[in-house]
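If you want the building blocks of each chain, they are given just below.
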Amino acid sequence: MSTIPHDHVAGDDHASEHGHDHHPSGIMRYVLTTNHKDIGTMYLMFSLTMFFVGGCFALTIRAELFEPGLQIVHPEFFNSLTTLHGLIMIFGAIMPAAVGFANWQIPMMIGAPDMAFARMNNWSFWLLPPAAIMLIGSFFVPGGAAAGGWTLYPPLSVQAGMGMDLTIFAIHIMGASSIMGSINIITTILNMRAPGMTMMKLPLFVWTWLITAYLLIAVMPVLAGSVTMLLTDRHFGTSFFNAAGGGDPVLFQHVFWFFGHPEVYIMILPAFGIVSEIIPTFARKPLFGYASMVYAVSSIAILSFIVWAHHMFTVGMPAAGLLFFMYATMLIAVPTGVKVFNWLATMWRGSMTFETPMLFAIGFLFLFTMGGFTGLVLALTPIDIQLQDTYYVVAHFHYVLVAGSLFAFFGGAYYWLPKWTGTMYDETLGKWHFWGSMIFFNITFFPMHFLGVAGMPRRIPDYAQQFADWNMVASIGAFGFGLSQLIFVWALIKCIRGDGAKAPAKPWEGADTLEWTLPSPAPYHTFETPPVVK
Amino acid sequence: MPAAPSPKPGHRADDAQLRSANVRTAIVLVSIAAVFFVGILVAKLVGDTSTGMTVLGAAVLLFLVVAIGRNLRK
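Residues numbered from 1 in each chain as written. Chains lettered and ligands numbered in written order. Predicted model: local features only at pLDDT ≥ 70, side-chain atom pairs only at ≥ 80, totals over all residues. Heavy atoms only, no water.

A. Representation of the overall build of chain B within the structure. The secondary structure content of chain B amounts to two helices and zero strands. Scored against the burial criterion, the 74 residues of chain B give a buried share of 41%. With the model as given, the accessible surface of chain B reaches about 3700 Å², and the carbon-plus-sulfur share is 71%. (Helix = DSSP H or I, 4+ residues; strand = E, 2+ residues; numbered from the N terminus. Buried < 20%, exposed > 50% of the residue type's maximum accessible area, 1.4 Å probe, protein only. Areas by Shrake-Rupley, 256 points an atom, 1.4 Å probe, with all protein chains shown as cover.)

This is the structure we're talking about:
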């Protein structure tokens, strides 16, 4: 590959010219690979690793909060843990997992041989490990890791030590990786669809990723710009956000949430796409209201740009601003409701079976809807002012991102593992994993609603005695949830080792997208001759 | 958006056409990312934040509507 004088763009006939299907073996296969399946695997493995790293941080936090008082970690370190837990889970676990799914599935679902820019795809992935090392390594530099929360608000982020610089650089690198990945995904979807695959025939997973990629291209540069300004405030004497020099710390919040709210949808839209593939398959019915689903996702994406200030109702805004952002936020419930209705309507009178992917999809539907409702509660300005920075908010976004994104990704992993590995996963382990996750997730996060309403602030390592009981319950739940995830690793290893029934090309009766026309495991090169979609 | 594939959508063109269409799409997308990155800095540097944010927000909306709208027709 290194002898090719230009970027390896899909459409080059290098591979087919030589008629080969061979590829490097061992570690170099993964270092040098331009194959979308290998890169998808690397993204997913990286994501799983970071999920466990971030999970360990979460368990340390919950261990500290098991009872009132300071037991295990210093308060400064506790703050670093909450900050890095958020950053690692968002930028290291959820987003790379979504990109991993995109890499594996989008070319196969649209009948393309690979991603449009195969070498850039490799580069996008290999930017991530150095960024992760910088983030985690920041614990060991003078001053420790960033401790001002994942939102990096000034003035704390302007005053923090060297760990903040590493965090800023890590965000720059991960942002560049995301933008490159998005360019690749959009180009692939727009230009490399199989004959007959019109936009309104795209599988919904592909649609959701197309819109997600647009969101990423629009908002990641804004985050990069804002942390660049933070960096110049810290080291080059500017005063964008530094109040001491005439800057405006609240401006950072505006700019950050202009990125941050669409970011929420960047994390959830691919999950919507996965669930929209799973539910019709196991209900054995076509997706109800395909076109309305596409329009709903588009509406959610557009609305996500005009609601950012609901994250900062308490900073002080004109009443008209408060009202605008409150109503705009509530408006998002309409397209989201359309989606939930369509998923339910798809299941209605379907011939449903409840294999593990479907269990995770239904778990997603139930819990994400709960998270959506608590989001509506928080959208109400007068209530939000009471609940701002309490555990109610922590409960809300974990219902959206853990029971939402993470459950959908687990469902997607079980759904496509037979295609990826050629081996059926262990259904018993899958069900144990689902029920363990479902039960312990609720034990962990449901009590946080009570704690938040009672006034327990987030990001505090100690708390009043009155919060002790529910914190103990939440901590027990968190350890149960963490242990449940080891079952997934077990099921995954079994699949990778081929320890299970051989998967047929189409293990799910109701599946009808293009990837199921390929043998299992999917060959290294697929769709070099494009299929014709009718 | 010029990102529209020059190969007719739904028909895979020859490799050279596909390659140039891919590169063209990527250039458009990179330029959008660059505008946002530079735009957010310039918006603050010129001192009128609300104007900057309004222009950026309108650009995002317009971009999404045009991009999705054009492709829906195909």
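What follows picks up the thread again.
B. A look at the overall build of chain A. A count of helices and strands for chain A gives 18 helices and zero strands. Taking 534 residues into account, the globule formula puts the C-alpha radius of gyration at 24 Å, and chain A, at 23 Å, falls close to it. Principal-axis analysis of the C-alpha atoms gives chain A an extent of 65 × 55 × 45 Å. Each of the 534 residues in chain A was classed as buried or not, and the buried ones make up 62%. (Rg over C-alpha atoms; globule rule 2.2 N^0.38 Å.)

C. Spotlight on the nonpolar core. Core analysis: the biggest nonpolar cluster contains 196 residues, and A:Trp209, A:Trp343 and A:Phe364 have the highest contact counts within it. If we skip the residues at most four places from it in the chain, A:Trp209 touches A:Ala98, A:Val99, A:Ala102, A:Ile106, A:Ile185, A:Leu216 and A:Pro270. (Core = buried A, V, L, I, M, F, W, Y, C linked by side-chain atoms within 4.5 Å. Contact = heavy atoms within 4.5 Å.)

D. Up close: the packing of helix 4 (residues 75–110) of chain A against helix 8 (residues 162–191) of chain A. Residue and element names in this part refer to chain A. Axis separation between helix 4 and helix 8 bottoms out at 11 Å; the angle between their running directions is 15°. Here helix 4 is positioned roughly parallel relative to helix 8, judged by the angle of their axes. Judged by the sense of rotation from one axis to the other, the crossing of helix 4 with helix 8 is left-handed. Contact residues: Leu87, Phe91, Met95, Ala102, Ile106 and Ile110 in helix 4; Thr167, Ile171, Met174, Ser178, Ile185, Thr188 and Ile189 in helix 8. For the contact of helix 4 with helix 8, a count of residues per class yields 10 nonpolar, three polar and no charged. (Axes fitted to C-alpha atoms, helices over the stretch in contact; angles between N-to-C directions. Parallel < 35°, antiparallel > 145°, perpendicular 65-115°, else oblique. Left-handed = near helix turned anticlockwise from the far one by under 90°. Nonpolar A, V, L, I, M, F, W, Y, C, P; charged D, E, K, R; others polar.)

E. Quick peek at the side chain of A:Gln485. Residue and element names in this part refer to chain A. With respect to the helices and strands, the residue Gln485 is situated in helix 18 (residues 468–496). Among the polar contacts made by the side chain of Gln485, one reaches the main-chain carbonyl oxygen of Phe481 at a distance of 2.9 Å. Residues contacting Gln485, with those up to four places away along its chain left out, are Phe51, Phe52, Phe410, His433 and Ser437. (Polar contact = N/O pair within 3.5 Å; in protein donor to acceptor, adjacent residues only side chain to side chain.)

F. How the structure looks around helix 3 (residues 36–64) of chain A. The terminal C-alpha atoms of helix 3 of chain A lie 42 Å apart, and with 29 residues this matches the ideal 42 Å at 1.5 Å per residue to within 8%. The opening residue of helix 3 of chain A is A:Asn35, an N-cap whose side-chain oxygen sits 2.7 Å from the backbone nitrogen of A:Lys37. (Expected span 1.5 Å × (residues − 1).)

G. Up close: empty space enclosed by the protein. All names here are of chain A. Counted according to the given criterion, the structure contains two cavities of 30 Å³ or more. What the largest cavity holds in volume is close to 130 Å³. Contributing to the lining of the largest cavity are 15 residues, with Phe91, Met95, Pro96, Val99 and Ser178 lying nearest its centre. Sorting the residues of the lining of the largest cavity by element identifies helix 4, helix 8, helix 9 (204–235) and helix 10 (249–283) as the ones contributing at least two each. If one sorts the elements of the lining of the largest cavity by residue count, helix 4 sits on top with five residues. Of the residues belonging to the lining of the largest cavity, the class tally is 12 nonpolar, three polar and no charged. (1 Å grid on protein atoms, 1.4 Å probe; cavity = no way out; pocket = protein on both sides within 12 Å on 5 of 7 lines; lining within 4 Å. Points joined across faces, edges and corners; volume = space filled by probe spheres on them.)

H. How the structure looks around the pattern of salt bridges. Residue and element names in this part refer to chain A. Enumeration according to the criterion identifies six salt bridges over all chains in this entry. Two residues, Glu509 and Arg284, come together in a salt bridge whose shortest N-O distance is 2.8 Å. Of this pair, Glu509 sits in the segment after helix 18 while Arg284 sits in the loop between helix 10 and helix 11 (290–303), placing them 225 residues apart in sequence. Overall, Glu509 belongs to the exposed group, its relative accessible area being 61%. A relative accessible area of 28% means that Arg284 is categorised as partly exposed. The partner of Asp389 in a salt bridge is Arg458, and the shortest N-O contact between them spans 3.7 Å. Remark: Arg458 occurs in the loop between helix 17 (427–453) and helix 18 and Asp389 occurs in the loop between helix 15 (381–387) and helix 16 (391–421); sequence separation between them is 69 residues. (Salt bridge = Lys/Arg side-chain N within 4 Å of Asp/Glu carboxyl O.)

I. View of a nonpolar patch on the surface. Residue and element names in this part refer to chain A. A cluster of nonpolar residues, Ile27, Met28, Val31, Leu32 and Trp126, forms a patch on the protein surface that exposes about 470 Å² of accessible area. Broken down by element, the nonpolar patch gets its largest block of residues, four residues, from helix 2 (residues 27–32). Its place among the elements puts Ile27 in helix 2. (Patch = residues over 30% accessible without salt bridge, like charges linked within 9 Å, V, L, I, M, F, W, Y side chains within 5 Å.)

J. How the structure looks around the confidence of the model for chain A. When the pLDDT values of chain A are averaged, the result is 92; 96% of them are 70 or greater. This model gives residues 1–20 of chain A a pLDDT under 50, and the stretch forms 40 contacts once residues within four places in sequence are excluded. (pLDDT = per-residue confidence, 0-100.)

K. Region of interest: the packing of aromatic side chains. Residues and elements named next belong to chain A. Scanning the entire structure with this criterion turns up 52 aromatic pairs over all chains. Arranged with centres 5.1 Å apart and planes meeting at 85°, the rings of Phe360 and Phe434 form a pair that is edge-to-face. Placement of Phe360 in helix 14 (residues 356–379) and of Phe434 in helix 17 is noted, with a sequence separation of 74 residues between them. Per residue, the accessibility class of Phe360 equals that of Phe434, and both read buried. (Phe/Tyr/Trp six-rings, centres within 6.5 Å; stacked < 30°, edge-to-face > 60°.)

L. Expanded view of unusual backbone geometry. Residues and elements named next belong to chain A. In this structure, Pro155 follows Pro154 across a cis peptide bond, with omega equal to 5°. Note that Pro155 resides in the loop between helix 6 (128–137) and helix 7 (156–159). That bond from Ser520 to Pro521 is cis: its omega, -5°, falls within 30 degrees of zero. In this fold, Pro521 is placed in the segment after helix 18. With a phi angle near 55°, Arg284 is a residue other than glycine that sits in the positive phi range.

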